[in-house]
Every structure is written in C-alpha cells, then in structure tokens.
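Here is what each chain is made of, one letter per residue.
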Amino acid sequence: MLRYDRLIRRQEQRAVHHLEDHGKDIYKDKYVGWYDVKQRSSCLKVRPTQPAQKADHPQAYQKLEEENYFFKLSKYTDQIQTAIETESFLVLPKTRRNEVLALLKDGLDDISISRPKDKLIVGIPVPGDKTQVMYVWFEALMNYLTVLGYPEHDDFKQFWPADVQVIGKDITRFHAAIWPGMLLSLGLPLPKLLYVHGHITRDGKAMSKSLATVSPERGD
C-alpha cells in the first residue's frame, strides 16, 4: 500500500554546503538577464532581446541586473551529454531526449541560483549569507537527496540512485540539465531513468495552480 511517510520541510542546507566543498562550484557574480516569473527561475540562456510575453501571462519575464550566487553548470555539459547519449542516464520518451540534447549542443551556461532577499517574499536563506535566498528550483531539487537522509542515512545508501524519476514536460530542463549537474558536482550517480510525461488536463487545459485550473475545494 502506498503511504506518505516523509515530511519535507525544505530547510535542509547540508547539500548546498557540500556543493561548495566538493566541486567548488558556487560563486558570487552579477546576473544580467531575464527572469521567468511563472517558473520563478532565471533563463538558462541570457537573451539579447526581451522574450515574447505570453497572452495568459503578460508579465512573463522581467529584466534583472543584480548580484547573485551562481552554480558552475557549464562545467558539466559534456558529462551530462555523454550520460544521455550512452543511456547511462536514460531520458524517455525519445522526443524529450532529443530536446535535451539540442539544449546541450551549444553548451550550458552557469546559472544564477539565488536572488536578493528584498526581491523575494519567501525563500530559503543562502547558507552564510542572510541577504540572499535560494531559487526554489535549486533548493527544491536537493530534496530528492535530503528526504533520504543524505549523506549518511541508510535510506540514502539503499535508495540512491533512483531507478526512475517521473516528471511533467514543463520541468524537463531542470531535471535533465540542472539536476544532473548538481549530482555530478556532489560526486553522486545520476538517476537511471528520467521519464517525462505530458500535462494532466481538465477541459483541455493543463492542471496548474498558476493557471487557476486546480481547485483545492474540489480536492484536486
């Protein structure tokens, strides 16, 4: 029987400390580029012109210029590409695999992983710097490890690497590019399989809190 027996508080910062200690892959610099409001993340590529605004989200992107912390994702482009091509990190279906390989072809950029605290209402503080909070997508990915008691708990030793991770198509780049880079930086094996599914829909629209197509009152 399926049981929900782990509460993730999203305040575990040991993995971030380990990223700093293992690969020396976190540094502070100025970010100049576009911020995706809907995904609450900086764009993987700095865009020379403003991205097209979406009709259902007129303020989809904001231009930023601020000092943030960065992760050296570019350092791991070749290793991620090799893992996907050799299928030691299998991405399915093939259409999503090809999507990720196209992204990797031109090389990944280092990514901004924090924002100034006064720019975000909520967020987990950057360890050792209370003026900055981590991007939700960066610290949230760490929960795959910390919920298992990374690095010393028996559950982590037993259940990692994951046999399969199942995600929705709109978060493919986070799980097929950023997440593998984080694991490689920590010296950890990648998941064996990443399966990317389409959106679950209602009345032809993706079920989403941001699109108001999910209603807690109905038990969605």
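Residues numbered from 1 in each chain as written. Predicted model: local features only at pLDDT ≥ 70, side-chain atom pairs only at ≥ 80, totals over all residues. Heavy atoms only, no water.

A.B. asks: Just to check I follow, could you spell out the overall build of the protein chain for this structure?
C.D. replies: When helices and strands are tallied, the protein chain shows seven helices and 12 strands. Residues counted as buried form 44% of the 220 residues belonging to the protein chain. Here the protein chain has roughly 12,800 Å² of accessible surface; of this, 52% comes from carbon and sulfur atoms. (Helix = DSSP H or I, 4+ residues; strand = E, 2+ residues; numbered from the N terminus. Buried < 20%, exposed > 50% of the residue type's maximum accessible area, 1.4 Å probe, protein only. Areas by Shrake-Rupley, 256 points an atom, 1.4 Å probe, with all protein chains shown as cover.)

A.B. asks: Which parts of the structure should I look at to understand the side chain of S114?
C.D. replies: Counting through the fold element by element, S114 comes out in strand β6 (residues 114-116). Here S114 falls in the buried class, since its relative accessible area comes to 0%. At 2.5 Å, the side chain of S114 forms a polar contact with the side chain of Q132. Dropping the residues within four chain positions of it, S114 is found in contact with N68, Y69, V126, Q132, V133, M134 and Y135. (Polar contact = N/O pair within 3.5 Å; in protein donor to acceptor, adjacent residues only side chain to side chain. Contact = heavy atoms within 4.5 Å.)

A.B. asks: Help me out: how do you make sense of the environment of K63 in this one?
C.D. replies: Here K63 lies in strand β3 (residues 61-71). Classification of K63 by relative accessible area gives exposed; the value is 60%. Counting along the chain gives 29 residues from K63 to W34, while the straight-line C-alpha distance between them is 4.6 Å. In this view, K63 contacts G33 and W34; residues no more than four positions away in its chain are not counted.

A.B. asks: So what exactly am I meant to see when it comes to the environment of R97 here?
C.D. replies: Along the chain, the position of R97 falls in helix α3 (residues 94-105). If we ignore the near neighbours within four places in the chain, the residues touching R97 are I84, E85, E87 and V91.

A.B. asks: Just checking my understanding: could you explain the pattern of salt bridges for this structure?
C.D. replies: If charged atoms from side chains of opposite charge come close, those side chains can pair. Tallied over the full model, the rule gives seven salt bridges. The closest approach of N and O atoms between K75 and D25, which form a salt bridge, is 2.9 Å. Placement of the pair is K75 in the loop between β3 and α2 (77-85) and D25 in the loop between α1 (14-22) and β1 (26-36), with a sequence separation of 50 residues. A salt bridge links E65 to K30, with the nearest nitrogen and oxygen atoms 3.8 Å apart. One end of the pair, E65, is in strand β3; the other, K30, is in strand β1, and 35 residues separate them in sequence. E65 gets classed as exposed once you look at its relative accessible area, which sits at 56%. What emerges from the salt-bridge pattern is a single network uniting E66, R115 and K119. (Salt bridge = Lys/Arg side-chain N within 4 Å of Asp/Glu carboxyl O.)

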